[in-house]
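Residue-level listing of the chains:
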Amino acid sequence: MEDAMITGKTVVIAKLELESPLMIGSGQDKFADIEVMKDKKGKPFIPATSLTGVLRHYFEENISNKNDPDFECFWGTPKKTSKAEEGKEEFQSSFICHDLHADDAKIRVRDSVKIDPRTQTALDKAKYDFEIIEKGVKFDLFWEVTLRKNNLKETYDRILASLIEALEKGTIPIGAKTNSGFGKCKLTNLHIFDFDFSSPKDVLKWLKQDFKDGKSKLDAEPFQLQSDVFTIDAKFAVKNSIIIRSYSEKVDMPDSASLSSAGEFVLPGTSLKGAIRHRALKILKTICPVDSLKNEIPEQKIDELFGKAGKDTEPIKGRVLVEEKEINNIEPVLQNRIKIDRFTGGTIKSALFDSMPLWSKKDDSESVNVSIKIRDYKPWEAGLMMQVLKDLWCEDLAVGGEKSVGRGVLNGLYASIKWKDKELVITPAEKGLNFSDESAVSELNDFAKKVREELVA
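Just so we're clear, the structure is a prediction, and the values are computed from it rather than from any experiment.

Reading the values: the criteria
- Residues numbered from 1 in each chain as written.
- Predicted model: local features only at pLDDT ≥ 70, side-chain atom pairs only at ≥ 80, totals over all residues.
- Heavy atoms only, no water.
- 1 Å grid on protein atoms, 1.4 Å probe; cavity = no way out; pocket = protein on both sides within 12 Å on 5 of 7 lines; lining within 4 Å.
- Points joined across faces, edges and corners; volume = space filled by probe spheres on them.
- Helix = DSSP H or I, 4+ residues; strand = E, 2+ residues; numbered from the N terminus.
- Nonpolar A, V, L, I, M, F, W, Y, C, P; charged D, E, K, R; others polar.
- Pairing = 2+ DSSP bridges.
- Axes fitted to C-alpha atoms, helices over the stretch in contact; angles between N-to-C directions.
- Left-handed = near helix turned anticlockwise from the far one by under 90°.
- Contact = heavy atoms within 4.5 Å.
- Polar contact = N/O pair within 3.5 Å; in protein donor to acceptor, adjacent residues only side chain to side chain.
- Salt bridge = Lys/Arg side-chain N within 4 Å of Asp/Glu carboxyl O.
- Buried < 20%, exposed > 50% of the residue type's maximum accessible area, 1.4 Å probe, protein only.
- Core = buried A, V, L, I, M, F, W, Y, C linked by side-chain atoms within 4.5 Å.

A.B. asks: Which residues make up the layout of surface pockets, and what values go with them?
C.D. replies: Empty space among the atoms can be located by rolling a probe the size of a water molecule over them. Space inside the second largest pocket adds up to approximately 1400 Å³. Elements with a contribution of two residues or more to the lining of the second largest pocket: helix 1 (48-62), helix 3 (153-169), strand 9 (229-238), strand 21 (368-375) and strand 22 (410-419). Tallying contributions element by element places helix 1 first for the lining of the second largest pocket, with six residues. In the lining of the second largest pocket, the residues fall into twelve nonpolar, 15 polar and 14 charged.

Right, here's the structure in full:
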């Protein structure tokens, strides 16, 4: 490489705070089916490879000008794998990311089970557990960017500004199960240091690793993003009660209580996404022509939208992202229950159990927030998600456990739907609903019509 002399460094020091649980698997299964990555001291950490890979993928997927040679210099080029690439120049990455550590990271084990979409019951031998790092943890972030004579500092600064902006907004999740709300994080306590090696003063600072008086913002314009996202943000009240079952090993605790994270009751993205996926499939099967059911068209469409994984199947990356949210304005109430013999109508001996569902403190109080996003959406997919929202809003789609006894029913209070440069706000009225933009309603109705057209095409 010509003019490869190092002319400066840019250092970014910040905190990366978890806004939802994080799971980065280590491949070990001594204490759980999936264990998080830990260092030699047994403390969980975020490997630099995981964060760098996510950042590079985000940048290359969302930035339009991918052929700029400074982009290749910033991220580095992969090793040559074919003869066609032999003449291509290789670049060492200018971007260096350190492993991210935290002193107060807490690990918790969560249970999960695969649900049969036809019966809505647990599949046999499909239960598993996994470790997560609880939300609220702040990891130490350290980036170092090497500037060479043949690189444009303005381009490097714009790349950094794009990454920093996305992390500050919390739009780049990391780790596993990100489509189910895991790994959401945001950048805080940002400090940026520029070292110009043409200045002896800056060279001395760099050699001493003197990181004082840093900037809180880069003087650079972030690159324009290309991502096309359909977003639903809705607020619901709990009609009666809700429970996302979690089982405790302590003797004095109920047999089942609602899941909590960092001391707050939550509606996990895994539960909500499973309910949404099942209802979306049911809608497609209902409106799909009878002769097309043999071709399993609804299942194929749902797999393309929500993703697919398994031992004997080709994996498909889903485009639906559902966030984990806290459940507010509720109180847990202990309830004792007993199993009844369906033949005699009497109680079954030793079948007493108790649970602690969450009950709404006040009618129509905002308790559950639902956030659904579809990346690179098609109009019919947006229309399908609107029909799922209608079922949630109209108390027809319950979430969580013990639905057979009336739990998990939600009542719609507010919804904001965003796509491209449009937004529609829906609120309940005395008779019907209030819509903020009638033209947006018309376009969403067209999206809904395309669901049937997609199945017939």
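Continuing now.
A.B. asks: Could you give me a rundown of the sheet that holds strand 23 (residues 422-428), with the residues and numbers involved?
C.D. replies: Taken together, six strands build an open sheet; the order of strands is 15-21-9-22-23-24 and the sheet is antiparallel. Unpaired on one side and paired on the other, strand 15 (320-322) and strand 24 (433-435) mark the two borders of the sheet. On average, each strand axis in the sheet is inclined to that of its neighbour by 15°, with strand direction left out of account. Two strands pair when backbone bridges link them, and strand 22 and strand 23 are joined in this way by five bridges, in the antiparallel orientation. Bridging across to strand 23, Lys 418 finds its partner in Glu 423.

A.B. asks: Any details on the packing of helix 5 (residues 269-287) against helix 6 (residues 297-306)? Residues and values, ideally.
C.D. replies: Taken N-terminus to C-terminus, the directions of helix 5 and helix 6 make an angle of 145°; their axes are 9 Å apart at the nearest point. Crossing geometry of helix 5 relative to helix 6 is assigned as right-handed. Along its contact with helix 5, which presents Lys 273, Ile 276, Arg 277, Ala 280, Leu 281, Leu 284 and Lys 285, the element helix 6 presents Pro 298, Glu 299, Lys 301, Ile 302, Asp 303 and Phe 306.

A.B. asks: Which residues make up the side chain of Ser 365, and what values do they have?
C.D. replies: One can find Ser 365 in the loop between strand 20 (358-360) and strand 21. Within the structure, Ser 365 has its side chain in polar contact with the backbone oxygen of Lys 362 (distance 2.8 Å). Non-local contacts of Ser 365, meaning those with residues more than four positions away in its chain, are made with Phe 236, Ala 237, Asn 329, Ser 360 and Leu 413.

A.B. asks: Before we move on, could you go through the pattern of salt bridges and cite the residues and values that matter?
C.D. replies: Tallied over the entire structure, the rule returns 29 salt bridges. Here Lys 153 makes a salt bridge to Asp 157, at a shortest N to O gap of 2.8 Å. Taken together, the residues Lys 153 and Asp 157, both in helix 3 and four residues apart, mark about one turn of the helix. Classification of Lys 153 by relative accessible area gives partly exposed; the value is 28%.

A.B. asks: Tell me about the side chain of Thr 178, and name the residues and values.
C.D. replies: Residue position: Thr 178 is located in the loop between helix 3 and strand 8 (185-196). Since its relative accessible area comes to 12%, Thr 178 is described here as buried. Not counting chain neighbours up to four residues away, the residues in contact with Thr 178 comprise Pro 173, Lys 317 and Leu 321.

A.B. asks: Quick one: what's the story with the nonpolar core, residue by residue and with numbers?
C.D. replies: Phe 230, Ile 232, Phe 236, Leu 384, Met 385, Ile 417 and Trp 419 are the most contacted members of the largest nonpolar core, which has 56 residues in total. The greatest single-element share of this core, amounting to nine residues, is contributed by helix 7 (residues 379-393). In this view, Phe 236 contacts Ser 365, Glu 366, Ser 367, Val 368, Val 370, Leu 389, Leu 392, Trp 393, Leu 410, Asn 411, Gly 412 and Leu 413; residues no more than four positions away in its chain are not counted. Of all hydrophobic cores here, the second largest spans 48 residues; its members include Ala 48, Ala 105, Ala 166 and Ala 220.

Function cannot be read off these values alone, since they describe shape.
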